[in-house]
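Structure assessment
These are the residues of each chain, in order.
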Amino acid sequence: RIPQVISETLGFKAGDKVSYELKNGGMFIKKEKTTAQMFEEFYGKPFSEITLKDIGDTGEIEWGQDVGGEIL
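Figured I'd write up the structure that's included with this text. A quick note: this is a predicted structure, and the numbers were derived from the prediction, not measured. (Residues numbered from 1 in each chain as written. Predicted model: local features only at pLDDT ≥ 70, side-chain atom pairs only at ≥ 80, totals over all residues. Heavy atoms only, no water.)

**What to know about the overall build of the chain**
Within the chain, the secondary structure is distributed over three helices and two strands. Starting at the N terminus, the α and β elements of the chain follow one another as α-β-β-α-α. Taking 2.2 N^0.38 as the reference for a compact globule, 72 residues should give roughly 11 Å; the C-alpha atoms of the chain span a radius of gyration of 17 Å, well beyond that estimate. The principal-axis extent of the C-alpha atoms belonging to the chain is close to 45 × 35 × 20 Å. Residues counted as buried form 7% of the 72 residues belonging to the chain. Within the chain, contacts between residues at least 6 apart in sequence are counted, and of these 2% link residues at least 24 apart. As displayed, the chain has an accessible area near 6800 Å², and 55% of this comes from carbon and sulfur atoms. (Helix = DSSP H or I, 4+ residues; strand = E, 2+ residues; numbered from the N terminus. Rg over C-alpha atoms; globule rule 2.2 N^0.38 Å. Buried < 20%, exposed > 50% of the residue type's maximum accessible area, 1.4 Å probe, protein only. Contact = heavy atoms within 4.5 Å. Areas by Shrake-Rupley, 256 points an atom, 1.4 Å probe, with all protein chains shown as cover.)

This is the structure we're talking about:
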């Protein structure tokens, strides 16, 4: 549980997903972004306005080189 004063200061709401890291004797908490939020940041517009034209004519997104045990 996160104290109310901290969650309000950080803008956390009930149901938000967070991650934490223990480092240098402290705990660092951050709110995880949804997939829609990441798309909005990348394309610079609301998720509902992102079209296939923005993504590309194949409808697929290039994520870069494989780095591990991805299933093709």
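**With respect to the environment of Lys 23**
For Lys 23, the location among the structural elements is in strand β1 (residues 18-23). Take Lys 23: its relative accessible area is 42%, and that puts it in the partly exposed class. Taking the C-alpha atoms as reference points, Lys 23 and Tyr 43, 20 residues apart in sequence, are found 33 Å from one another.

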